[in-house]
Amino acid sequence: MGEEGGGRSCGTTRDLQKLKQQAMEYYRENDVPRRLEELLNSTFYLQPADVYGHLANCFSKLAKPPTICKVVGKNVLDGLGLPTLQVEIFCTIQNFPKNICSVVISTHFEVHENALPELVEAEELERSDAVSTAVRWVNETITEELQGLTPSNQAEVDQVLRTFFESKVQEDKERKELEKSLKDSTVPTPSPLTPPPPPPPPAKKKGQKQGRKDTLTEKPIVPPEPVEPILCGSMAIGAVSLAVAKTSAVLGNNPLYLNIALLKHHQDQPAKLTIPLLMVSLVSCGKSSPGKLNLMKEVICIPHPGLTAKQGVDMLLEIQKHINKTIEMSPPPKPETKKGHNGGKRGQSKGKYEVMMGTYKNAAEMVDLYVELINKFPSIIALIDPFRKEDSEQWDSTYNALGSKCYLIAGTASKSISKLLEDGNIGILRCSGLIVKHTNQTTMSDLVEMTNLIDSKKHIAVFGSAEGESSDDSLVDLAVGLGVRFIKLGGLSRGERVTKYNRLFTIEEELVQNGTLGFSEEHTFFYLNEEAEKAAMAGELPEPPEPIFATEVVEQSAKT
């Protein structure tokens, strides 16, 4: 019995010695003894009131950086009660999963007023399918692809998302080709039909001379370009990219706009950040609004660059009150001058633009109309989408005539960000700037690259909200961090918009407190001729022309 007991005791001792040896090796490999000694010594000299709180803070700095452990997609409602995508990011922090933040991305679907029930139902189905597909992508594949990545490495995250999206685009292409081949194999080839005989020449009118026409022959109307395809579920890419950027900001205890500014400036913190100038919709026009004027979709007011965002909004609220009173009363004999207006999405009939109810003008006549409008009201400093994208000749003519007097901005007339970056060319239409939106597959890296491209071509960037609005105010941080010239959030009403304006005020206050608020310069209109634009595209910028200030234009007009 004694020998057996002695044997068990020796075995237990050997096991304990082995465990001690393993523990010493484990702690030595992780440099625990040295770090503990330094930490305890420093704590003794500091003698903090909360000893364990101090130790906890020190240990947290020694912990491994957080990594993404799970990404969750959810189907939620936007500001109009329509389905959209929400993305949540979970990170492993000190060995435990933790929900860091969530974002809601707006859809690209436009809300049509007075649309046919069939069209509304079809779009509802398309929207629902897009959101459901995005949720499935996030929860099934993207969450696995991003596991273990560090949120602060935005470029790596965006590259993973881009690769995933390209695979989905290829799958969709192969599926469509397969469906087309199956359809072609089942449908019999029709026999060629004999073309009908040409119509007889028109009868000659009585008294009409040979070779004379009653009316001038108009140029053929350029057919509309095909709509850029949007892959169903693509909003998952943009939403996850934004969520990761916001996660990095939260973990670093930084505001999102600062993280975006660091991305744009290659991790060098800029000394000053400017608040984008507001483009606020004050009056809605067009066919969906009462009245006969269809030339403009909306009238936008832009506060003076010398005002803060809060001062600008206070001024606009007063203007809005006077406009509402004026609309309720009979219209004055002379229209007020506008600060800017959006000419997009007018009624069109056979390629013509409906400027008033029943009054149509062709594209060439519209150029003269805009020139007359700007000359009559020099306080108009911007035209947004004055023409279709197909009317490139009229874009050129308007830019040549008005490029030195106001901004000519392409919104819906421009291509998507992914297409512009793929082409590497934003000068397809001659304009002063572009409206940039964060939607669909646009990542944070894409936004940085796009705004850098716009800056390099001496254009201005306008950051706009997508058609479907949500209460997520992240796009304000994006606009500030990217350093765009203008931000277009809509009118001063509805909770999802007011939330964004309030976020802008908060950022402005933070920049003032930190002493990093930069002020926007006066409006300057640089007109570049074709040779100068080609030099800009090649990266060989000529000497900048003498800038033309909007206030000078107004003063000269008042003198004359």
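Residues numbered from 1 in each chain as written. Predicted model: local features only at pLDDT ≥ 70, side-chain atom pairs only at ≥ 80, totals over all residues. Heavy atoms only, no water.

**Q** Hey, could you run me through the pairing of strand β2 (residues 83-93) in this one?
**A** Working note: regular strand, side chains alternate between the two faces of the sheet. Within β2, 8 of the 11 residues are buried, which leaves it mostly tucked inside the rest of the structure. Bridge analysis of strand β1 (residues 67-77) against β2 gives 10 bridges, and the strand direction is antiparallel. When the sheet's bridge partners are listed, I68 is paired in β2 with C91. One ladder, built from 9 bridges, connects β2 with strand β3 (residues 96-105); its direction is antiparallel. Bridge pairing in β3 links I93 to F96. As consecutive antiparallel partners, β2 and β3 are separated by 2 residues, and within that stretch Q94 has a phi angle of approximately 50°, a positive value. (Buried < 20%, exposed > 50% of the residue type's maximum accessible area, 1.4 Å probe, protein only. Helix = DSSP H or I, 4+ residues; strand = E, 2+ residues; numbered from the N terminus. Pairing = 2+ DSSP bridges.)

**Q** Looking at this structure, how should I read the packing of helix α2 (residues 32-46) against helix α3 (residues 51-62)?
**A** For any two helices packed against each other, one specifies the inter-axial angle together with the distance between the axes. Direction vectors running N to C along α2 and α3 enclose 140°, while the axes themselves pass 11 Å from each other. The two elements α2 and α3 meet at a crossing, and its hand is right-handed. Taken together, the residues of α3 that come into contact with α2 (itself represented by R35, L36, L39, T43 and L46) are V51, H54, L55, C58, F59 and L62. In terms of residue class, the contact of α2 with α3 is made up of 8 nonpolar, 2 polar and 1 charged. (Axes fitted to C-alpha atoms, helices over the stretch in contact; angles between N-to-C directions. Left-handed = near helix turned anticlockwise from the far one by under 90°. Contact = heavy atoms within 4.5 Å. Nonpolar A, V, L, I, M, F, W, Y, C, P; charged D, E, K, R; others polar.)

**Q** What should I look at first to understand the environment of D472 in this one?
**A** Looking at where D472 falls in the secondary structure, it is placed in the loop between β14 (460-464) and α13 (474-482). Judged by relative accessible area, D472 falls into the buried class, the value being 13%. When the C-alpha atoms of D472 and V104 are compared, they prove to be 5.8 Å apart, with 368 residues separating the residues in sequence. If near-sequence neighbours (up to four positions away) are discounted, D472 is found in contact with S102, V103, V104 and K500. Engagement of the side chain of D472 in a polar contact is seen with the backbone nitrogen of V104, the distance being 2.9 Å. (Polar contact = N/O pair within 3.5 Å; in protein donor to acceptor, adjacent residues only side chain to side chain.)

**Q** Teacher, can you tell me more about helix α10 (residues 392-402) here?
**A** Since one α-helical turn is 3.6 residues long, residues separated by three or four positions face the same way. Every buried residue of α10 is listed here: Q394, W395, T398, Y399 and L402. End-on view of α10: buried residues confined to an arc of 135°, all on one side of the axis. (Arc of directions from axis to C-beta.)

**Q** Quick question: what am I supposed to make of helix α4 (residues 117-146) here?
**A** Taking 1.5 Å per residue as the helical rise, α4 with its 30 residues ought to reach 44 Å, and the 41 Å between its terminal C-alpha atoms agrees with that figure. Of all the bends found along α4, the most pronounced is centred on V138 and spans about 40°. All of the buried residues along α4 are E123, R127, A130, V131, T133, A134, V135, W137, V138, I142, T143 and L146. Those residues of α4 that are buried lie in contact with β1, β2, α5 (154-186) and α6 (235-251). G148 sits one or two positions beyond α4 and adopts a positive phi of about 90°. (Expected span 1.5 Å × (residues − 1). Bend = angle between axes of the 7 residues up to and from the residue.)

**Q** Can you walk me through the nonpolar core in this structure?
**A** Inside soluble globular proteins, nonpolar side chains tend to come together where they are buried. Among the nonpolar cores identified, the biggest contains 105 residues, and L85, V87, I142, V240, M450 and F463 are the most heavily contacted of them. The element contributing the most residues to this core is α6, with 10 residues. Residues contacting M450, with those up to four places away along its chain left out, are I417, L420, L421, I426, L434 and V436. Among the nonpolar cores identified, the runner-up in size contains 14 residues, and M279, I381, I435 and F486 belong to it. (Core = buried A, V, L, I, M, F, W, Y, C linked by side-chain atoms within 4.5 Å.)

**Q** Please clarify how the pairing of strand β15 (residues 486-490) should be interpreted in this entry.
**A** Counting buried positions over the 5 residues of β15 gives 5, a clear majority of the element. As defined by bridge partners, strand β5 (residues 277-284) adjoins β15 across 4 bridges and the pair is classed as parallel. Note on β15: the bridge partner recorded for L278 is I487. Both β14 and β15 contribute to a ladder of 3 bridges, which runs parallel.

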